[in-house]
Amino acid sequence: MRPDWSPLKARVSNRMARHFCISPFRLRNRGPMVSFTFDDTPKSAAAVGVPILEAYDARATFYVAGGLVDKWSGHWDGISGDEIVTLHRQGHEIACHTFSHTRTTDLDAATLAAEIEDNRRYLRGLDPSIRIENFAYPYGLGSVLRKGQLGKIFHSSRGIIPGVNAGVADLQFLRATPLINRDIDRDGIDRMFDEAVASNGWLIFYSHDVAAEPSPYGCTPSLLRHALDAASRRNVEILSVAQALRSAGA
Ligand SMILES: [Zn+2]
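Now for a quick tour of the structure.

Quick notes on the rules
Residues numbered from 1 in each chain as written. Predicted model: local features only at pLDDT ≥ 70, side-chain atom pairs only at ≥ 80, totals over all residues. Heavy atoms only, no water. Helix = DSSP H or I, 4+ residues; strand = E, 2+ residues; numbered from the N terminus. Rg over C-alpha atoms; globule rule 2.2 N^0.38 Å. Buried < 20%, exposed > 50% of the residue type's maximum accessible area, 1.4 Å probe, protein only. Contact = heavy atoms within 4.5 Å. Areas by Shrake-Rupley, 256 points an atom, 1.4 Å probe, with all protein chains shown as cover. Lys, Arg positive; Asp, Glu negative; His and termini not counted. Charge placed at Lys NZ, Arg CZ, Asp CG, Glu CD. Expected span 1.5 Å × (residues − 1). Donors = N, O, S within 2.8 Å, 3.2 Å for Na, K, Ca; no water. Pairing = 2+ DSSP bridges. Right-handed = clockwise from strand over helix to strand, strands pointing away. 1 Å grid on protein atoms, 1.4 Å probe; cavity = no way out; pocket = protein on both sides within 12 Å on 5 of 7 lines; lining within 4 Å. Points joined across faces, edges and corners; volume = space filled by probe spheres on them. Nonpolar A, V, L, I, M, F, W, Y, C, P; charged D, E, K, R; others polar. Bend = angle between axes of the 7 residues up to and from the residue.

### Structural notes on the overall build of the chain
Across its full length, the chain holds eight helices and ten strands. Relative to the compact-globule value of 18 Å for 250 residues, the chain shows a C-alpha radius of gyration of 17 Å, a close match. Oriented by its inertia axes, the alpha-carbon framework of the chain measures out at about 55 × 40 × 40 Å. Counting all 250 residues of the chain, 54% fall into the buried class. In the chain, once contacts between residues fewer than 6 apart in sequence are set aside, the share between residues at least 24 apart is 73%. As presented, the chain carries roughly 11,200 Å² of accessible surface, and 52% of it is formed by carbon and sulfur atoms. Each charge class in the chain was averaged separately, 29 positive and 28 negative side chains, and the resulting centres sit 7 Å apart.

Structural data, given as structure tokens:
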């Protein structure tokens, strides 16, 4: 049996992606910002998460992989095509997560381009006005080899290395903090907001399902509400990734 080097390759590439081929950009946002993002896009992110977000007049970013639409993931039901169109028409951002949810470290330039094109074609087929401008790495794994290519196609690419984006950020490897019950509690959320305020930074949360009993990768409605309250109390503006990039002058 041949050894499977792909997980090791992915880990090494992810580590290298933090330090090499960076797209340094000085954020010019006037005040601190927060973005709420949902990967893969479970049905509950839209059905349960969106009404909570909209109670705060917040728009979120949904990183969709067309190949996961309407499918059972093992943890949740995937969003439907109609629900994606509804999110888009409500002003939420639909963004790219490859088509088949493949690690970018397992893709060469041609196969990554094909993944992006397949996803773009799928989303345009749902609604021709859906324009995908931003990307999230499947499994959060940054690819040192593919960053340059992604930078020519997308305004930003988001990983899952926690922290606040402040000062000079790497637009092709944006930091994101889990809004996942297993990984963060209310105090942890408050600390991240305090850091965002102190650094005039951009805090990006990522999550998956939103449910009273979430998967190991999701959050409860009350944790989402806590984060939205924490933003409101500190006057941190809640923006989609596309909106935040515009506010930052990107
Ligand atoms: Zn994903």
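### Points about helix 7 (residues 221-233)
Under the 1.5 Å per step criterion, the end-to-end length of helix 7 is 18 Å for 13 residues, consistent within 8% with the ideal 18 Å. Of the positions making up helix 7, those classed as buried are Pro221, Leu223, Leu224, His226, Ala227, Leu228, Ala230 and Ala231. Where helix 7 is buried, its residues meet strand 2 (33-40), helix 2 (43-55), helix 6 (186-198), strand 9 (202-207) and strand 10 (237-238). Note on helix 7: the residue one or two positions beyond its end, Asn235, has a positive phi of about 55°.

### Points about the coordination of the zinc ion
Six octahedral donors around a metal ideally sit at 90 or 180 degrees from one another, while four tetrahedral donors ideally sit at 109.5 degrees. For the zinc ion, the protein coordination sphere consists of Asp40 (OD), His97 (NE2) and His101 (NE2), at 2.0 to 2.1 Å. When the donor residues of the zinc ion are listed from N- to C-terminus, their spacing reads D-x56-H-x3-H. One end of the pair, Asp40, is in strand 2; the other, His97, is in the loop between strand 4 (93-96) and helix 4 (109-126), and 57 residues separate them in sequence. Asp40 gets classed as buried once you look at its relative accessible area, which sits at 10%.

### Some remarks on unusual backbone geometry
Residue Thr98 is not a glycine yet carries a positive backbone phi of 65°. For Thr98, the location among the structural elements is in the loop between strand 4 and helix 4. Residue Thr98 is classed as buried on the basis of its relative accessible area, which comes to 0%. Even without being a glycine, Tyr139 presents a positive backbone phi close to 60°. Checked against the element boundaries, Tyr139 lands in the loop between strand 5 (134-136) and helix 5 (147-153).

### Some points on the pairing of strand 2
Burial runs high along strand 2: eight of the eight residues are buried. Across six bridges, strand 2 lies against strand 9 in parallel orientation. Paired with Ser35 across the strands is Ile204, a residue of strand 9. Here strand 2 pairs with strand 10 via two bridges, running parallel. The residue of strand 10 that forms the bridge with Val34 is Ile238. For strand 2 and strand 3 (residues 61-64), the ladder comprises four bridges, and the chain directions are parallel. When the sheet's bridge partners are listed, Phe38 is paired in strand 3 with Phe62. With helix 2 bridging strand 2 and the parallel strand 3, this β-α-β connection has right-handed handedness.

### Thoughts on the layout of surface pockets
In this model, the largest pocket occupies a volume close to 400 Å³. Lining the largest pocket are 20 residues; nearest its centre among them are Asp40, His101, Tyr139, His208 and Tyr217. A class-by-class count of the residues in the lining of the largest pocket yields ten nonpolar, six polar and four charged.

### Structural notes on helix 2
With 13 residues, helix 2 ought to run about 18 Å at 1.5 Å a step, and its terminal C-alpha atoms sit 19 Å apart, in line with that. Along helix 2, the largest kink reaches about 40° and is centred on Gly49; proline Pro51 follows within four residues of it. The set of residues buried in helix 2 consists of Ser44, Ala45, Ala46, Gly49, Val50, Ile52 and Leu53. Residues of helix 2 that are buried sit in contact with strand 2, strand 3, helix 3 (81-89) and helix 7. One or two positions beyond helix 2, positive phi appears at Asp57, with a value near 60°.

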